[in-house]
Structures are given as C-alpha cells and as structure tokens.
Amino acid sequence: MARIEEYIPVVGQSVIDDLRLLAESLKGKVIQHINSTSVGGGVAEILNCMVPLLKELGVDTRWDLIKGGEQFFAVTKKFHNALHGRSEEITQRDLDIFTETSQKNIEEVNIYGDIVFIHDPQPIALIKKKANNKWVWRCHIDVSRPNQKIWEFLKDFVIAYDAAVFSAPGFSQKLPIRQFLISPSIDPLSDKNKELPQETINSVLIKYNIPQDKPIITQISRFDRLKDPLGVIQAYKQVKRYIDCRLILAGGTAIDDPQGLNVLEEVKEKAKGDSDIHILLLPQNDIEVNALQTASTIIVQKSIREGFGLTVAEGLWKAKPVVASNVGGIPLQIKHKYSGLLCYSVEGAAFAIKQLLNSPEYAKKLGENGREHIRSNFLLTRHLRDYMLLFLSLYYNEDIVYL
Amino acid sequence: MPELIEAKEPFRFYTRLHLSELTGLRASNINQLLDLIKQVPGSSIYHHTHRFLQQHQYLSPEPPNDFAYWTSEVLGEDELGERLASIDTIQFPTIRSLREAIIKTIEDFLKNDPMAKLKFAREGAEFHFIRSISFILPTNYVAHNLGEFVDILRKITIDSIYFHIFEARLRLEKGNNDFSYWIESSIGNKRLADEIARLDPYTRTLENLRKTLIKIIERKISI
C-alpha cells in the first residue's frame, strides 16, 4: 500500500500540501464509510485505497460493513441491473427481502460518524438511523436511465440524505437534496498503472504469443455485448485493409455469466483464421493488463454503454492515443481531437485508428495531452481532495467558502 | 542584480479548490439552454465559463466556455459557438454582466436564425448545468519582495495562480487580479502591475500563464 509521500513525484509537492491543508480543516470529525463488502468490486477497491490515505493525512476515517445473506445480495444485484436500465423483474417478495435485511442492519450497525458515507444501494436504508450527523449517499452506478420502479423505491431513502454524489453529470436526477459530481480515479502507483520494466512487458507478450512486429491495437474489457468486442473486430478489419496491424481483445468473463461465454464464443468465431487477432481470457492480473496496455500502439474502448470507463484513463495515463465511444464518463476523459478521439460507430472507430496509425506525431501529442489531463483530473489524489471538499461542504451553504 | 524593494505588505498566496455541484437542470436545445442560463445561479455561469481553464490546463488554449463548445460540437451551430467563444470574458467585471453578454449573444443569433431552435442534442449529450463551490485556503507561501514572489510562483499549484488571477478579479469582484494589485500598492511598480493586468489570461493555458508571469517579473528584477 503506497504512502501519501510516494505520490509527490507524480503530482508534485504542492498538490500534497493542499491535501494536508484540507485534512487540517477536518480535524475532530469522524468519517464513517459503510458498504456491503471489503473485497471484490470497485467500491471495496476504492475504499481499500482511500481509507488508509485519509487516515495518514490525519482524517479520522473508519469503514464498516453491513451484513446480508445470499437472498439479499441476489435482490441488490437485481437492483443494480435495474438501475443500469436493464429489464429486471422485481417482485414484492424481492422488496420484502431487501426491507427485512435492511431492518436487521439498522438494528445491528453501530453509527458513530459525524459524517456517514453510504456507498451504493445495499446499505441505503441505514438512513433511518439519521440523527444530528451528516449523511451522504454515494452512487457508483450509472443511473442515467434507471428502471423507474426501483428508482422510486430507492428515492424515498435518498431524499432523507444531506447530499448525494454521482460520477458523471448525466447520472444526476431531479432531487430535493444537494448533488455533487465526483468522478472516479485511477491509482498511478497500483500494479495496473505503475511504470513497468521493459522485461516485464516483453515476458507478458511472449507468454501470450504476441510478436511486436507491427502496431498493436488493444481493447481491455470483459466479454460483454455492451463493450462491443465484435464491433472492435469489424473496425480492425477495416483498418487492416490499409495498414498491417494486430488486435488484442483481452478481458475476463464471470464463469456464472452464460451470456459472457456466448459473447466470447462469437468473438472467437469472428476472429477465426486471422492469426493477428489475439483473444485473451485473462484472469484478474493487473500487471498483465498494464503490460498489454503499455505495449499497445492504440487503445480502443468501443463501448455501447459505459459507467465511467476507467480503462480509458488507464490508457491515457500510459500516454497512449485512445479511440473511444462518446458514451458514459468517456467524454469527461477525452476531449475530442485534444486528448484522444471519440467515435460513434464501427466506421468512425476504424477511421480514427487509421488516422492515428498514419500520423504518429499527432497520435503522440494526443497521448501526451491525455496523460496530463488524467494527471490533473483523474488520479487518486484528486479523488481524495474531492472527498475532503465534499465533507467540508456539508457544513457550508455558500458558493464561496473561506477556510 | 539590483537590490529588491521590500514590500510594504507581504503577499500571502492563497489556493482555491473547487467542488462541482450538480443542479439536476439540463438543456436539449438552444431555447432551453437560453432559459436556464437566465435562471441558474451565478456559480453555474462561472463554472461553465471557467471549467476548461482548470481541467485542460496543459492543453492548447480552447474556448473557455462550455456554452460555446456545446453549441458547436453538439448542436452543430458553429457560428453561434464562435460568437460565444469570442466573448471577451476579461472585459466583464462581474458574473452578472458576463451572463448578460452570453444571453444577448444567443438572443441576437436566434433573431437572425430562428431555425436553430429546432436542433436537439442527441440522447446523452444534453447540456448539464453544474455549479462551482470554491474553497479558499491560505497556503504557507508568503513573499516579501519580487524575488521571493517569483520563486513561489514556480512551485505554487496552478489552483493558486488561478485563484489570484481569475477568481479574485471576476468572482470576488475585486476589479483587478491580486498580483497586479500587490505589485502596485506594496512594491510600488505600476508599470509591472499594468503589464500583468494587460495579459489576457483566457487565451493561455495556466502553465503558459505561469511561465509568462515568471518571465515578465524576472525581466523587471534583472533591470
């Protein structure tokens, strides 16, 4: 686990000084994070990283979990899908299971924070314990087009909070409480984003039998229709008519996700007969993902829908030119023609890839701009700063606050 | 090097950190945009005319306002986009007057091109109104003369330079940037103060602005 000083060479001393100043303003306040799991999933990953750093900065930060059985988590998984806009049948029985488990947690979870920071829908009902302290609901999900039945059910809880936090402007809702925009971030010192020695990169390429003889185009994503891996192959084939190159499609798929396995089979079928297409079903291995991204000439993220799409930030942080769909949080990370290229279609993606392969200087400039854009806006240090500002904002109503 | 004049009052550098607050208001066409520009709080006009400066601080200068970007890139109204982009923000002493200029630019355009009202943003590309909440904190950096001042300028955050140049002048309605004010009133160098005040910071990146300030002040110190 990195210490706060280790970020100084990446972001500069003054950025860390600002974090210390903010932490000073939060002296005496206890921040209590609550979510449903300590391992696995994006929320646990963020908290595992942020809680120790906030503590090191001097902010009294603690982390508690709610309890829930198999049935409860099956229901909250349905909620999650429904909030993403997928069609899910949610029965009265599902709502009852949610309410019963929530009630047990309300009775058992000890609330002691001056600021209680609730992550995602699973612990949302704890708001019933609200006293004179401040409560924030952090929504990590894309709720731009939610299933209305579930949103209305959850909204009754949400409006009792002091504030809600969303990851992109399009995710916000009409609510009578304050809503803040806090984008997620990447950790520049993590295995996925730290600088790797060339030998490590080479050994990963050798392991997966990928020669470095021509430009490499890569999309790192799980095999899911929403990530459009078939569209990426189509785009690659259009490029390949003019420019010799390789394509890597790498990612995981859950064993219990039959749809994902179907997609993988279709992808393999479509790639058949082209030895320059490398389909890699990767285990969770951050170093390997890092090596593949670093070895790539161009990173692609041709999603049809996307939450925030942090693989874009990962690619940009490695100063790679990125071609990505204009969906979800991607346009926040890429300013078209300045820090990458945005596209809407297979043809658009193919055109952008060709343009970059034929103009290496332009591609290099986009990559460099992209890296600086990520440094300023999407690194963990910015996320820490936003969280501390959020905590402070709960005590002020003005637009301009003198600390 | 000539001896440096000690300031009557030292200059304390402040920093400004901001948090974005979502308003839940969104526009899909130019009419809705115009109506909401009239209604939203000043902190939202401020956000959309200054966000680019902070978020794209290392890139080439860009239109320093989201309204210009959205009307050209999303609605395809390049002419209106250009007119909005070329609003000379530095000429406006208050957010109020800046807001009026934006409204007038859009209204004038719509008078000549009423068909523009029919253009809608595609789903997902609506204009979302956001407001900036500013937190202003004193840093530990204090300058007693121009030598110390320029040394600090090299290492202070971009946020601090931003605060003293942009926020102090427009949002806090001080009428001038803090650097020029201090250089004139505490160092007594009006020429240098004016030279800094004459810079158009909206057509530079913040890093370029930092370099330019350092260059101008260093030149004066070495005379």
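Note that the coordinates shown come from a computational prediction; the quantities given were computed from them, not determined experimentally. (Residues numbered from 1 in each chain as written. Chains lettered and ligands numbered in written order. Predicted model: local features only at pLDDT ≥ 70, side-chain atom pairs only at ≥ 80, totals over all residues.)

### What to know about helix α13 (residues 346-358) of chain A
Residues and elements named next belong to chain A. Across its 13 residues, α13 extends 18 Å between first and last C-alpha, which sits within 8% of the 18 Å expected from 1.5 Å per residue. Considered for burial, the residues of α13 that qualify are Ala349, Ala350, Ala352, Ile353, Leu356 and Leu357. Looking straight down α13, one finds its buried side chains confined to an arc of 165 degrees; they lie on one side. Within α13, the exposed residues directed more than 90 degrees away from the buried face are Glu347 and Asn358. (Helix = DSSP H or I, 4+ residues; strand = E, 2+ residues; numbered from the N terminus. Expected span 1.5 Å × (residues − 1). Buried ≥ 20, exposed ≤ 12 C-beta atoms within 10 Å, placed from the backbone. Arc of directions from axis to C-beta.)

### Digging into the domain arrangement of chain B
Residue and element names in this part refer to chain B. What the domain assignment reports for chain B is domain 1 (25-130) and domain 2 (137-222). Put simply, the middle of domain 1 and the middle of domain 2, counted by C-alpha atoms, are 28 Å apart. Contact with domain 1, which involves 14 residues of that partner, is made by 14 residues of domain 2. With four residues, helix α2 (residues 42-55) is the single largest residue contributor to the side of domain 1 that touches domain 2. Tallied by class, the residues present in the side of domain 1 that touches domain 2 amount to nine nonpolar, five polar and no charged. (Domains from an automatic or database assignment. Contact = placed C-beta atoms within 7 Å. Nonpolar A, V, L, I, M, F, W, Y, C, P; charged D, E, K, R; others polar.)

### Looking at the domain arrangement of chain A
Residues and elements named next belong to chain A. Taken domain by domain, chain A comprises domain 1 (4-185 + 380-393) and domain 2 (198-377). On a C-alpha basis, the centroid separation for the pair domain 1 and domain 2 is 30 Å. Each side of the interface is counted separately: domain 1 has seven residues, and domain 2 has eight residues.

### Points about the nonpolar core
Residues Ile118(A), Val136(A), Val323(A), Ile353(A) and Met388(A) are the most contacted members of the largest nonpolar core, which totals 108 residues. In terms of residues, this core owes the most to one element, helix α15 (residues 380-393) of chain A, which gives eight residues. Both domains that furnish three or more residues to this core are identified here as domain 1 (4-185 + 380-393) and domain 2 (198-377) of chain A. With near-sequence residues (within four places) excluded, Met388(A) lies in contact with Leu22(A), Ala23(A), Leu26(A) and Val59(A). Counting 31 residues, the second largest nonpolar core, distinct from the first, contains Leu53(B), Ala143(B), Phe149(B) and Ile196(B). (Core = buried A, V, L, I, M, F, W, Y, C linked by C-beta atoms within 7 Å.)

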